[in-house]
Protein chains: 2
Amino acid sequence: MTDPDRLWRRLMALAEIGAIPGGGVDRQALTEGEAEAWRRVIAWGREAGLDPQTDAAANLFLVLPGRDRAAPPVLLGSHLDTQPTGGRFDGAAGVLAALDAVTDLAASGRVPARDCVVVAWMNEEGSRFAPGMMGSEAYCGLRDLAAIRAVRDADGIGAGDALDRFLAGFPDLPRRPLAAPVGAYLELHIEQGPVLEAAGIPVGIVTGIQGKKTYSVCLSGAEGHAGTLAMAERRDAVAAFARCACALHREIGGLDPTIKFTIGRVQVRPNAPSVVAGEVRFSIDLRHPDNAVLDAAGARIAPLCRAEATPCAVAVTPLVDAPSNGFDPVLRERIGRAAAALGIPAMPLLSAAGHDARHLAGLAPSAMIFIPCRSGISHAPAEWAEPAHLAAGAAVLARVLDDLAFADALPLARGDAR
Amino acid sequence: MTDPDRLWRRLMALAEIGAIPGGGVDRQALTEGEAEAWRRVIAWGREAGLDPQTDAAANLFLVLPGRDRAAPPVLLGSHLDTQPTGGRFDGAAGVLAALDAVTDLAASGRVPARDCVVVAWMNEEGSRFAPGMMGSEAYCGLRDLAAIRAVRDADGIGAGDALDRFLAGFPDLPRRPLAAPVGAYLELHIEQGPVLEAAGIPVGIVTGIQGKKTYSVCLSGAEGHAGTLAMAERRDAVAAFARCACALHREIGGLDPTIKFTIGRVQVRPNAPSVVAGEVRFSIDLRHPDNAVLDAAGARIAPLCRAEATPCAVAVTPLVDAPSNGFDPVLRERIGRAAAALGIPAMPLLSAAGHDARHLAGLAPSAMIFIPCRSGISHAPAEWAEPAHLAAGAAVLARVLDDLAFADALPLARGDAR
């Protein structure tokens, strides 16, 4: 049996690392805060007899060895990094629920057929190094490690330097290869939306992840003196930004009730009160479950910006282009069966947020378990999940792990009896 | 005679302190860069036999003693700080032209009737600590030093701490009292506008400074997850900012051809690509030569923001409220006479930008001399003034200084013959 009290205690203890006012957490990727979280989680893993390992992308693994060490392992986990004003549950709940399930399996004394591995992926959030999900992207071979290492944070620090410094703090951890085969992947996460709470159901069987496109837009004007430069002669990048943002919100953000359109980051140069801004860079995050709608909306961004930005120049750079994807039907069925066996109500639902499981789904059968979060609030200090819901989700996760750990072969065949 | 080559060489040498790409300068108030500029200017002053002094607001003075040490001195100067992406002339040209004039006077061996003092005012630009013109504000008793010391920069460093640290680097400088009487004040500056260049005239006799109001506006919404929070449920501070900025630019920025309306600084929290922004703070800089128009435009800011910001909350904080002012008619006449005597074409014009002379004008007869700058560009690396124009302005400044240094009494009477 899993230990819901231990899981909750560990989650609250982890939330003290990088704690910010209002109950939130600021523990961005490859910072000292994340290193401290690693040390804590590694210590808990060692207590359970798991072997800590890492890889060149600073993903963290805690390995329970199976009978056949060469067989593709079962991976389960999430991430330990947070948004700059993030909450206590996003990511950490999934890593600790996975640790709880594997700890429980180890404690049972039964040796699984294959390695069962808790994983914490590097930089899921993408707030420090954009775009996010870098660790799983590297692991799954979706992006070259060299390209990832070249990304810089807002202070100009390269992800490569940050990775090297971070890993230098863990010199004893063996390195796993990137892109090694995986037998199956499971991830528990808070829903970050209102569906489960509204339905009063503690476990969500995630059908897939809505499609997402992200962009970086640069508006280039000309700096000038706020007191002297005539309005008609200005190429004011902030004024151009305001026009672009209004048009984008109206035309794309208002397209249908399902679309999500967000300008979350705005960087103004030189950003001084008495200087007409010469440059504005801003981010666009666009999501929709229907790939055709997503593509059509994305295609409108550059023309809308060009129409509004005059007399400033516009450059739109696409970053992420992740179509809507579906999770493995056999694993989804197993999650449903596990919940039913435990007497826990469950329902299928689409994930509105992106997760590392999106990348893993290309490498191995993958699935996600959602638990409700209060008012759908996430990426904010007020983020909250009920202990009973976390316990329910963790119990389902542990039961599906049991299926995967002892199956004769992976992938599981549809309809295999447990 | 003044030495135009020395003046130009010194100006270019000073521009190397804090140099940035494109020929610009980043030498913000109370930084190590400004300290280095002080050391350079103090050394030049000592070469000329001037006594360097400072005061509690970190204004720098270089004193040529007069016969009557108790008589209110002639002050002349400008500032040594720059915008973060500033140019080589704004401020520095005025301080070095003043140094050139006083150096010339000292070298002549004639002892002036009263002290003649080069001054560099602290934090004219206001890019690090807002609002600007802090040093002259403190000197003129317009704002309490304690209130100035309490201002914080973007990194949370208090102006008080910055002042203490800065002045600790100059332990040998005697401290002048704040708010001591002044006999007259002169300031040379680049125009920062296109009027003199378009007219082909090297010297502007500044009639006054257009009125200026500045504000800080805070829009408060609610943070949320960019992938999950429905558009209809958002209180997105960036979206609210875009609507407010569009309305303000349209309704106030488009009021008449003379108005200047600038949103130069925008600060988003948490400023992460996948987080709906919970807060945006932005600056407003509003200027107009007609005080009635300025007041009416300023009064519209809060209602316009409130109408557009819904569902976000709005707080508008007025910062600077400086009505349009006129400079001393007698000094303006003297500047015109000096230019005529030197055969230098001159014309009256209004200053669109604010200057420390605005504050000094409340304490003593004050005036300004403008020189042209290329294409009106300022607060940018491309800022440029022709050597011949700087030489012309400096010669006029030196000649008016001569009037003031040897006059039997200050203020000068209208129509006094030279």
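As annotated in an unreviewed UniProt entry, chain A carries the name Zn-dependent hydrolase and is attributed to Methylobacterium nonmethylotrophicum.

**So, the overall build of chain A**
Regarding its fold elements, chain A presents twelve helices and 18 strands. Taken over the C-alpha trace, chain A has a radius of gyration of 22 Å; the compact-globule value for 418 residues is 22 Å, and the two agree within 12%. Taken over the C-alpha atoms alone, chain A extends approximately 80 × 45 × 40 Å along its principal axes. Buried positions account for 62% of the 418 residues belonging to chain A. The long-range share in chain A, meaning contacts at least 24 apart out of those at least 6 apart in sequence, stands at 79%. Put simply, chain A shows about 14300 Å² of open surface, and 53% of that area lies on carbon and sulfur atoms. Taking the average place of the 40 positive charges on the side chains of chain A and the average place of its 48 negative ones, the gap between the two points comes to 1 Å.

**Points about the relation of the copies chain A and chain B**
With an RMSD of 0.1 Å, the operation that places chain A on chain B is a rotation of 179° combined with a shift of 0.1 Å along the axis. A rotation of that kind, with that shift, is consistent with a two-fold axis. Minimal C-alpha separation from the rotation axis in chain A is found for A:A242, amounting to 2.2 Å. Of the interface residues in chain A, 98% have counterparts in chain B that sit at the interface too, so the contact is made through matching surfaces.

**Observations regarding the interface of chain A and chain B**
Size of an interface, as often reported, equals the accessible area lost when the parts are brought together. With 58 residues of chain A in contact, the opposing surface of chain B contributes 57 residues. Around 4500 Å² of area is buried between chain A and chain B when both sides are counted, 58% of it from carbon and sulfur atoms. It is A:H225, A:M231 and A:P273 that lose the most area in chain A upon contact with chain B, and together they represent 14% of the buried surface on that side. The interface formed by chain A and chain B holds zero salt bridges in total. At the surface where chain A touches chain B, the tally comes to 22 residue pairs in polar contact (both at pLDDT 80 or more). Elements represented by at least two residues in the side of chain A that touches chain B include exactly β10 (224-225), α8 (237-253), β11 (260-262), β12 (266-269), β13 (275-276) and β14 (279-288) of chain A. The biggest single contributor to the side of chain A that touches chain B is α8(A), with nine residues. Taken together, the residues of the side of chain A that touches chain B break down into 25 nonpolar, 22 polar and eleven charged.

**Examining the UniProt feature "binding site: Zn(2+) 1" (unreviewed entry) in chain A**
All names here are of chain A. Mapped onto this numbering, the UniProt entry annotates "binding site: Zn(2+) 1" (unreviewed entry) at H79, D90 and H189. Over a stretch of 111 residues, the named residues converge on one spot in the fold, their C-alpha atoms separated by at most 9.8 Å. H79 sits in the buried class, given a relative accessible area of 0%. Those residues within four positions of H79 in sequence are excluded, and the remaining contacts are D90, G91, A92, V95, A120, W121, E124, E125, H189 and D356. Side-chain polar atoms of H79 contact the backbone oxygen of D81, separated by 3.0 Å.

**Quick notes on the side chain of B:T103**
Tracing the sequence through the fold places B:T103 in helix α3 (residues 92-107). When residues no more than four places from it in sequence are discounted, the contact partners of B:T103 are B:R6 and B:A48.

**A word on the pattern of salt bridges**
All names here are of chain A. If you walk through the whole model with that rule in mind, you get 40 salt bridges over all chains. For R300, the salt bridge is made with E251, and the minimal N-O distance between the two is 3.0 Å. Linking R300 in helix α9 (residues 291-309) with E251 in helix α8, this pair joins segments that are 49 residues apart in sequence. Since its relative accessible area comes to 29%, E251 is described here as partly exposed. Linked by salt bridges that have partners in common, E32, E36, R39 and R40 make up one network.

**Concerning the packing of helix α10 (residues 329-342) of chain A against helix α12 (residues 387-406) of chain A**
Residue and element names in this part refer to chain A. Closest axis-to-axis distance for the α10/α12 pair is 9 Å, and the angle between their directions is 120°. In terms of their interaxial angle, α10 and α12 are classed as oblique. Read as a crossing pair, α10 and α12 show a hand that is right-handed. For the pair formed by α10 and α12, the contact residues are L331, R334, I335, A338, A339, A341 and L342 on the first element and A395, V396, R399, V400, D403 and L404 on the second.

**Looking at the domain arrangement of chain A**
All names here are of chain A. Looking at chain A, the domain boundaries give domain 1 (4-210 + 325-406) and domain 2 (212-322). Computed over C-alpha atoms only, the centres of domain 1 and domain 2 are separated by 33 Å. Counting from both sides, the interface comprises eight residues of domain 1 and, opposite them, eight residues of domain 2. Taken as a group, P131, Q210 and R358 account for 59% of the area that domain 1 buries against domain 2, more than any other trio of residues on that side. Counting across the domain 1 and domain 2 interface gives zero salt bridges. Counting across the interface, domain 1 meets domain 2 through one residue pair in polar contact (both at pLDDT 80 or more). Here the side of domain 1 that touches domain 2 is built from residues that sort into four nonpolar, three polar and one charged.

**Notes on the pairing of strand β9 (residues 211-220) of chain A**
Residues and elements named next belong to chain A. Taking burial as the measure, the ten residues of β9 include eight buried ones, the bulk of the element. As paired elements, β9 and β14 share ten bridges and run antiparallel to each other. Paired with S216 across the strands is S283, a residue of β14.

**Observations regarding empty space enclosed by the protein**
Rolled over the atoms, a probe as big as a water molecule pinpoints where empty space is left. Residues and elements named next belong to chain B. Scanning the model with the defined rule gives three cavities of 30 Å³ or more in all. Each pocket or cavity is described by its volume, and for the largest cavity that value is around 40 Å³. Forming the walls of the largest cavity are G183, A184, D328, V330, L331, P365, L404, L410, P411 and L412.

**Observations concerning the UniProt feature "binding site: Zn(2+) 2" (unreviewed entry) in chain A**
Residue and element names in this part refer to chain A. Mapped onto the present numbering, the UniProt feature "binding site: Zn(2+) 2" (unreviewed entry) falls at D90, E125 and H379. Look at the named residues: they lie 290 residues apart in sequence, but the longest C-alpha span between them is just 9.6 Å, so in the fold they bunch up. Within the secondary structure layout, D90 lies in the loop between β5 (74-79) and α3 (92-107). When neighbours within four sequence positions are excluded, D90 is seen to be in contact with H79, D81, E125, H189, I190, Q192, S378, H379 and E383. A polar contact of 3.1 Å, which involves the side chain of D90, links it to the side chain of H79.

**Focus: the environment of A:Y215**
Residue and element names in this part refer to chain A. Here Y215 is to be found in strand β9. Relative accessible area serves as the criterion here: at 9%, Y215 is assigned to the buried category. Through-space distance from the C-alpha of Y215 to that of I284 is 5.0 Å; in sequence the pair is 69 residues apart. Excluding residues that lie within four positions of it along the chain, Y215 makes contacts with F282, S283, I284, G298, I301, V316, T317, P318 and L319.

**Re the nonpolar core**
The biggest cluster of nonpolar side chains holds 82 residues, and the ones touching the most others in it are B:L14, B:L30, B:W38, B:V41 and B:V396. No other element matches the eleven residues that helix α12 (residues 387-406) of chain B contributes to this core. Excluding anything up to four places from it in sequence, B:L14 contacts B:R27, B:A37, B:R40, B:V41, B:W44, B:L80, B:A92 and B:L96. A:F166, A:L188, A:A394 and A:V400 belong to the second largest nonpolar core, which has 81 residues in total.

The rules we used
- Residues numbered from 1 in each chain as written.
- Chains lettered and ligands numbered in written order.
- Predicted model: local features only at pLDDT ≥ 70, side-chain atom pairs only at ≥ 80, totals over all residues.
- Heavy atoms only, no water.
- Helix = DSSP H or I, 4+ residues; strand = E, 2+ residues; numbered from the N terminus.
- Rg over C-alpha atoms; globule rule 2.2 N^0.38 Å.
- Buried < 20%, exposed > 50% of the residue type's maximum accessible area, 1.4 Å probe, protein only.
- Contact = heavy atoms within 4.5 Å.
- Areas by Shrake-Rupley, 256 points an atom, 1.4 Å probe, with all protein chains shown as cover.
- Lys, Arg positive; Asp, Glu negative; His and termini not counted.
- Charge placed at Lys NZ, Arg CZ, Asp CG, Glu CD.
- Least-squares fit on C-alpha atoms with pLDDT ≥ 70 in both.
- Buried area = accessible area lost by both parts, 1.4 Å probe.
- Salt bridge = Lys/Arg side-chain N within 4 Å of Asp/Glu carboxyl O.
- Polar contact = N/O pair within 3.5 Å; in protein donor to acceptor, adjacent residues only side chain to side chain.
- Nonpolar A, V, L, I, M, F, W, Y, C, P; charged D, E, K, R; others polar.
- UniProt positions renumbered as here; feature names shortened; annotations may be inferred.
- Axes fitted to C-alpha atoms, helices over the stretch in contact; angles between N-to-C directions.
- Parallel < 35°, antiparallel > 145°, perpendicular 65-115°, else oblique.
- Left-handed = near helix turned anticlockwise from the far one by under 90°.
- Domains from an automatic or database assignment.
- Pairing = 2+ DSSP bridges.
- 1 Å grid on protein atoms, 1.4 Å probe; cavity = no way out; pocket = protein on both sides within 12 Å on 5 of 7 lines; lining within 4 Å.
- Points joined across faces, edges and corners; volume = space filled by probe spheres on them.
- Core = buried A, V, L, I, M, F, W, Y, C linked by side-chain atoms within 4.5 Å.

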